[in-house]
Amino acid sequence: MTASTEPTVRDLQQSRSALAGALGRLFLDLLETTRDLYRVFVLTLYYSVRGETNRPAFFRQMYEIGNRSLGFLSIVMGFIGMILVYQGGLQTQRVVPDLSLLGATFLQLLVRDLAASICALMLATRVGAGIAAEIGSMVVTEQVDALRMCATDPIDYLIRPRFLACLSMFAPLVVLAAGVAFLAGMWTAHAFFGINPRTFANVSLVSVGDLTIGLTKCVAYGAAIPVISGYCGLTAFGGSEGVGAATTRAVVNSSLAVIVLNFVISGAGYLVFG
Amino acid sequence: MSAETSSALSPAFAGLAQKANEWLSVIGGFGVLLAEILRRTFRRDFDRTEFLRNLYRMGIKSMPIVTVTALFTGGIMVIQAAPIVQRYGAYGLLGWGAGFGTLREIAPLLTALMINGRVGANNTAELGTMAVTEQVDALRALAIDPIGFLVAPRFLAIVTTLFLSTIFSDALALVGAAYAGLGFLGVEPAVFYRGLTTGLLGFGDVAHGLEKSVVFGVVIGLSSCHFGLSTKGGAPGVGRSVNSTVVASAAGIFVLDYLLSFALS
Amino acid sequence: MIRLEGVCKTFDRPVLSDVDLVVPESCLFGLIGPGASGKSLLLRMITGLMRPDRGKVTVAGNDVLAMGDMQLHEYRKGIGMLFQNNALFDFMTVAENIAFPLRRLFHLPESEIAERVAERLSRVDLPGFEGRLPAGLSGGQKKRVGVARATVTRAPIVLYDEPAAGLDPVTSQKIFDLLRAEQRAANATVVMVSSDLDRLLTVTDRVGMMLDGQLIFVGTTDEAKNAADPRVYQFVHGNVDGPL
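Counting restarts for each chain, with residues numbered from 1 along the sequence as it is written. Throughout, the order in which chains and ligands are written sets their labels, letters from A for the former and numbers from 1 for the latter. For a predicted model such as this one, the threshold for reporting local features is a pLDDT of at least 70, and the threshold for listing and counting side-chain atom pairs is 80 or more; totals across whole chains, interfaces and linings nevertheless cover every residue. In computing side-chain values, all of the structure's heavy atoms are included and hydrogens and water are not.

Chemist: Where do I start with the overall build of chain A in this structure?
Modeler: Within chain A, the secondary structure is distributed over 9 helices and 0 strands. Strands here are runs of E lasting at least two residues and helices are runs of H or I lasting at least four, both read from the DSSP assignment and numbered beginning at the N terminus. Scanning chain A from its N terminus toward the C terminus, one meets helices and strands in the order α-α-α-α-α-α-α-α-α. Taken over C-alpha atoms, the radius of gyration comes to 24 Å for chain A, far larger than the 19 Å a tight globule of 274 residues would show. When its C-alpha atoms are laid out on the principal axes, chain A stretches across 80 × 60 × 35 Å. A 1.4 Å probe rolled over the protein chains alone gives each residue an accessible area, and that area as a share of the maximum for its type sets the label: buried under 20%, exposed over 50%, partly exposed in between. Taken over 274 residues, chain A has a buried fraction of 53%. Two residues form a contact once any of their heavy atoms are found within 4.5 Å. Taking all contacts inside chain A whose residues are at least 6 apart in sequence as the whole, residues at least 24 apart take part in 87%. Surface accessibility in these figures is a Shrake-Rupley result with a 1.4 Å probe; residues are shielded only by whichever protein chains are displayed. As displayed, chain A offers around 12600 Å² of accessible surface, 66% of which is attributable to carbon and sulfur atoms. We take the radius of gyration over the C-alpha atoms and set the globule estimate at 2.2 Å times the residue count to the 0.38 power.

Written out as structure tokens, the structure is:
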């Protein structure tokens, strides 16, 4: 055994296996999380069909998710509409002087993608954070354990009403938001490019395929956000710090899920509808 | 205000006025906080170790999510542009079409939203926990300035992180777009990159996006620090603060995005 | 009867090591020990909220660890629990909180539920509090509502985790006396975790002491007060000098 300072073959092997161990652990954690999340999703669906109805909780959640997001969504979608039409108009003007299809293209983009996805991102932050914060603080104050002691599955009692409420409020919210964005865009087109509102309000480019893709996104996002945020809330631990961490995880993971789902559905939609 | 006039105000109007009042006081709080932070920054009166420590942590934490978001966003931009490109046969312009929107708008916006969720929410959670466990009061009792020690370094770290992340995200989104272009439309990456540099897109567009990212960073930093420090009410209070900051930042980002689009073009 | 055999649990470090415990029927059993010695964990093992890494948990002849979800539901009908921080549902009124186990576990008719809730509330000296929300109650009042909820199902086994934490001496003694009276009236098997030794020992039949995840003593209350083990003696009498 020489007292050399060079890294021996064994050192290299050890550090490589430590790295492999770390990566392996990361992969296994990810696998376990995916499996748990899948289980929560399946159970949520099961309770949605078979559980006892809990009307008051459902309506309370519909109010929380639907009514209380309206203001926030309207502001955001209004500004989005203005920004997109403004930028889009500027951009098109650089290439082609004719702006008559601006409204039609904008509407198609809204229906196919933007309305659902932007709403989803906004709701992932607002609703996702809210759900995770509520459920998370119930977990750290042992209220969820108390539920279990009374033979109540927290997935049934806490996640199911939020899941059903989000799913049913999502499409109406998106339709409303799209309307706000379109009107804002119409005003911008008129104010900055002098486009006649009637020319702008052109539905000719919106196809059945676009509607289908948009609706599929509504359903997918509306299902993903409450399940993911609820799961993050249920896995909170450790006092107020744990609640903060769970809320952060919920916002991040819901947003990521929206982006990945967007890519997958858009890609599939493009391949199917062209 | 006499009793008759106040009872004549409809409840809806009163509710709206109260909401507006709340929002104005939040914005006012932001202004005060910003002034405090700037004063200390210019006097170099903030803890440098804390700044570097937070910068490192925030950067590491947001790397995976920015990467995934940027790659997928690039792909989505191409998929959205695909029908139009196919209709006009303008395959050579795909790079320009996807690139323009990405660099000026989408990449700074989505990166800011993701960082808002990842770093902003986390920062509020940390500061909020410190507030409800009386650690901030303990700092004051030790004659350590909480703003210089806690707030200013985190604020500066958030702004810097968002700026660097936007640059990173711009690059990755274009990579994602190039490969999506190849996969969905059969456009070679070389053609894509040539489309980017045809001269219709300039460094000005990149700069436009980056200037926005600095402003977004300021919004996220102010919001997360403000709501974090003013947390009350134990564990549920922390959850509520995180909720508020995420919503306020997102709204602020969109409003400022709109205003900046005019101011900078 | 509650029986734990060889129960072990490890998180980052071993938190329960080879715990063997028998709680006879109709016994009021006090579980004492310094902080973080594993007392609350033992309670959770009994309820099935947490599973040990090794060992057996048998309650009234049933193997808790072998139970599936449906069986656990049935099993928990026979257990009442008071949590350390009360765990009152903060979005429900006091009456709804107390009625919750009755509704979810037994599906009783509404009239009977209202009757039982009123009876419980007067028993814990909070008559007329039905419509109040937990956020508007004092610490002592929340504890008493928690006790009401834990005893409303008249379960044969009741577990109390720190029933008098953070309460003034008079209220503490009242709570302990109340719990003792409840146990006698229902002839229940009770396990009580508390750091308030002087008052706890006035109501217990048997005592067990935990130290660093191990059960180092089990015996009657008198045996605890005159223990041969110096650690137990020191802890029970609250002496500063000694092995602890």
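Chemist: Explain the environment of Arg162(A) here, please?
Modeler: Residue and element names in this part refer to chain A. Within the secondary structure, arginine 162 is located in helix 6 (residues 154-193). Separated by 77 residues in the primary sequence, arginine 162 and valine 85 have C-alpha atoms spaced 35 Å apart. With residues up to four places along the chain from it excluded, the contact list for arginine 162 reads Gln61, Ile65, Ile131, Glu134, Ile135 and Pro226.

Chemist: Where do I start with the layout of surface pockets in this structure?
Modeler: Regions of empty space are outlined by a rolling probe, equal in size to a water molecule, passed over the atoms. Points on a 1 Å grid over protein atoms alone make up a cavity when a 1.4 Å probe fits among them but cannot get out, and a pocket when they form an open set with protein on both sides within 12 Å along at least five of seven lines; lining residues each have an atom within 4 Å of a point. Grid points are joined across faces, edges and corners, and a volume is the space filled by probe spheres set on the points. In this structure, the second largest pocket spans a volume of roughly 1900 Å³. Lining the second largest pocket are 49 residues, and of these Val144(A), Asp145(A), Arg148(A), Pro154(A) and Leu49(C) lie nearest its centre. Listed by contribution, the elements that provide at least two residues to the lining of the second largest pocket are helix 1 (9-50), helix 4 (102-140), helix 5 (143-149), helix 6 and helix 8 (208-234) of chain A together with helix 1 (39-47), helix 2 (69-76) and helix 3 (94-106) of chain C. In terms of residue count, helix 1 of chain A provides more of the lining of the second largest pocket than any other element does, 7 residues in total. Each residue gets one label: Ala, Val, Leu, Ile, Met, Phe, Trp, Tyr, Cys and Pro are nonpolar, Asp, Glu, Lys and Arg are charged, and the others, such as Gly, are polar. Of the residues in the lining of the second largest pocket, the class split is 21 nonpolar, 11 polar and 17 charged.

Chemist: What's the story with the arrangement of the chains in this structure? I'm lost.
Modeler: Comparison of the 2 pairs of chains in contact shows the highest number of contacts for chains A and B. Structurally, chain B and chain C remain out of contact, their C-alpha atoms never closer than 11 Å.

Chemist: Explain the environment of Asp229(C) here, please?
Modeler: All names here are of chain C. The topology assignment puts aspartate 229 in the loop between helix 8 (221-225) and helix 9 (230-237). Here the alpha-carbon distance between aspartate 229 and aspartate 205, two residues 24 residues apart in the chain, equals 19 Å. In this structure the side chain of aspartate 229 is engaged in a polar contact, spanning 3.0 Å, whose partner is the backbone nitrogen of arginine 231. Here a polar contact means two N or O atoms within 3.5 Å. Within protein one must be a hydrogen donor candidate and the other an acceptor candidate, and residues neighboring in sequence count only if both atoms are side-chain atoms.

Chemist: Could you clarify how one ought to interpret empty space enclosed by the protein in this entry?
Modeler: Counted under the stated rule, the structure contains 5 cavities of 30 Å³ or more. Within this model, the largest cavity holds a volume of roughly 140 Å³. Elements represented by at least two residues in the lining of the largest cavity include exactly helix 5 of chain A together with strand 6 (79-82), helix 3 and helix 5 (139-151) of chain C. The dominant element in the lining of the largest cavity, judged by the number of residues it contributes, is strand 6 of chain C, at 3 residues.

Chemist: What is the right way to read the nonpolar core from this model?
Modeler: Most often, soluble globular proteins have nonpolar side chains that are buried together. Residues belong to one nonpolar core when they are buried, are Ala, Val, Leu, Ile, Met, Phe, Trp, Tyr or Cys, and are joined through side-chain atoms within 4.5 Å. The biggest cluster of nonpolar side chains holds 147 residues, and the ones touching the most others in it are Met122(A), Phe170(A) and Phe200(A). Ranked by residue count, the leading element in this core is helix 4 of chain A, at 19 residues. If we skip the residues at most four places from it in the chain, Met122(A) touches Phe72(A), Leu73(A), Val76(A), Leu113(B), Ala250(B) and Phe254(B). With 43 residues, the next largest nonpolar core counts Leu28(C), Ile32(C), Leu178(C) and Phe217(C) among its residues.

Chemist: How should the sheet that holds strand 7 (residues 157-161) of chain C be read in this particular structure?
Modeler: By way of backbone hydrogen bonds, the strands of a sheet pair with one another, either parallel or antiparallel. Residues and elements named next belong to chain C. The pairing criterion is simple: DSSP has to find at least two bridges between the two strands. Read across the open sheet, the 6 strands follow the order 6-7-8-3-9-10; overall the sheet is mixed. A strand with exactly one partner marks an edge of an open sheet, and here the two such strands are strand 6 and strand 10 (214-220). Averaged over all neighbouring strand pairs, the angle between strand axes comes to 15°, with direction disregarded. Sheet topology note: the strand 7/strand 8 (residues 189-193) ladder contains 5 bridges and is parallel. Paired with isoleucine 157 across the bridge in strand 8 is threonine 189. Helix 1 contacts strand 3 (28-32), strand 6, strand 7, strand 8 and strand 9 (206-211) of the sheet and is inclined by roughly 155° relative to strand 7. Helix axes are fitted to C-alpha atoms over the stretch in contact, other axes to C-alpha atoms as well, and angles between N-to-C directions run from 0 to 180 degrees.

Chemist: When you look at the pairing of strand 1 (residues 2-10) of chain C in this model, what are you seeing that I'm missing?
Modeler: Consecutive side chains along a regular strand alternate between the two faces of the sheet. Residues and elements named next belong to chain C. Two elements, strand 1 and strand 2 (residues 14-23), share 6 bridges in a ladder whose sense is antiparallel. Across the sheet, the residue bridging to valine 7 is valine 19, located in strand 2. Adjacent in sequence and paired antiparallel, strand 1 and strand 2 are bridged by 3 residues. Strand direction decides the pairing type here: strand 1 and strand 4 (residues 54-59), joined by 5 bridges, are antiparallel. By the bridge assignment, arginine 3 is partnered in strand 4 with threonine 58.

Chemist: Sorry if this is basic, but what is going on with the interface of chain A and chain B here?
Modeler: Accessible area lost upon the coming together of the parts serves often as the stated size of an interface. Taken residue by residue, the interface counts 53 residues in chain A and 52 residues in chain B. Regarding the contact of chain A and chain B, the summed buried area is about 4400 Å², with carbon and sulfur atoms giving 76% of it. At the junction of chain A with chain B, the criterion picks out 0 residue pairs in polar contact (both at pLDDT 80 or more). Elements with a minimum of two residues in the side of chain A that touches chain B: helix 3 (70-95), helix 4, helix 6 and helix 9 (239-273) of chain A. By residue number, the principal contributor to the side of chain A that touches chain B is helix 9 of chain A, which donates 20 residues. A class-by-class count of the residues in the side of chain A that touches chain B yields 31 nonpolar, 16 polar and 6 charged. The term buried area refers to how much accessible surface (probe radius 1.4 Å) is lost by two components on association, counted for both of them together.

Chemist: Before we go on, may I ask you to explain the side chain of Ser249(B) in this structure?
Modeler: All names here are of chain B. Among the secondary structure elements, serine 249 is positioned in helix 9 (residues 234-264). The class for serine 249 is buried, based on a relative accessible area of 0%. Those residues in contact with serine 249, other than ones at most four positions away along the chain, are Asn116, Val219, Ile220 and Ser223.

Chemist: Explain the interface of chain C and chain A here, please?
Modeler: Between chain C and chain A, the contact holds 22 residues from the first and 16 residues from the second. Counting each side, the surface lost to burial between chain C and chain A is near 1800 Å², with a carbon and sulfur contribution of 61%. Counting the surface chain C buries against chain A, the share from its top three residues, Phe89(C), Phe91(C) and Arg104(C), is 30%. Salt bridges are identified by distance alone: a Lys or Arg side-chain nitrogen within 4 Å of an Asp or Glu carboxyl oxygen. At the surface where chain C touches chain A, the tally comes to 2 salt bridges. Linking Glu142(A) and Arg44(C) is a salt bridge whose minimum nitrogen-to-oxygen distance equals 3.1 Å. Where chain C packs against chain A, one counts 6 residue pairs in polar contact (both at pLDDT 80 or more). Top contributing element to the side of chain C that touches chain A by residue count: helix 3 of chain C, with 4 residues. For the side of chain C that touches chain A, the class distribution of residues is 12 nonpolar, 5 polar and 5 charged.

Chemist: Even after reading the chapter, I still don't get the confidence of the model for chain C, so can you show me in this structure?
Modeler: The predicted coordinates of low-pLDDT regions are not to be read in fine detail. Residues and elements named next belong to chain C. The predictor attaches a confidence to each residue, called pLDDT, with possible values from 0 through 100. When the pLDDT values of chain C are averaged, the result is 88; 100% of them are 70 or greater. Here helix 2 is the element of chain C with the lowest mean pLDDT, 82, and strand 8 is the one with the highest, 93. Among the prediction metrics, the complex's ipTM stands at 0.82, with pTM recorded as 0.82.

Chemist: Would you explain the pattern of salt bridges in this entry?
Modeler: For side chains bearing opposite charge, pairing can occur when the charged atoms are close. This structure, assessed with the given rule, holds 26 salt bridges over all chains. A salt bridge links Arg53(B) to Glu50(B), with the nearest nitrogen and oxygen atoms 3.2 Å apart. Pair noted here: Arg53(B) and Glu50(B) are both in helix 3 (residues 48-88), with a separation of 3 residues, about one helical turn. Among the salt bridges present, the one from Glu74(C) reaches Lys77(C), with a minimum N-O distance of 3.2 Å. Taking relative accessible area as the criterion, Lys77(C) reaches 25% and is therefore assigned partly exposed. Each member of the salt-bridge network shares a partner with another, and the members are Glu142(A), Asp145(A), Arg148(A) and Arg44(C).

Chemist: How should I be thinking about the packing of aromatic side chains in this particular structure?
Modeler: To describe a pair of aromatic rings, you give the distance between the ring centres and the angle between the ring planes. Pairing of aromatic rings covers Phe, Tyr and the six-membered ring of Trp, with a centre-to-centre limit of 6.5 Å; geometry is then stacked below 30 degrees between planes, edge-to-face above 60, and tilted otherwise. According to the stated counting rule, one finds 16 aromatic pairs over all chains in the structure shown. Aromatic side chains Phe41(A) and Phe163(A) sit 6.5 Å apart centroid to centroid with 80° between the ring planes, which places their arrangement in the edge-to-face category. Here the residue Phe41(A) occupies a position in helix 1, and Phe163(A) occupies one in helix 6, the gap between them amounting to 122 residues. What makes Phe163(A) buried here is its relative accessible area of 2%. In this structure an aromatic cluster arises from ring pairing among Tyr86(A), Trp187(A), Phe192(A) and Phe193(A). Our definition puts a charge over a ring when NZ of Lys or CZ of Arg is within 6 Å of the ring centre and also within 35 degrees of the ring normal. The ring centre of Phe89(C) lies 4.9 Å from the NZ or CZ of Arg149(C), which sits over that ring.

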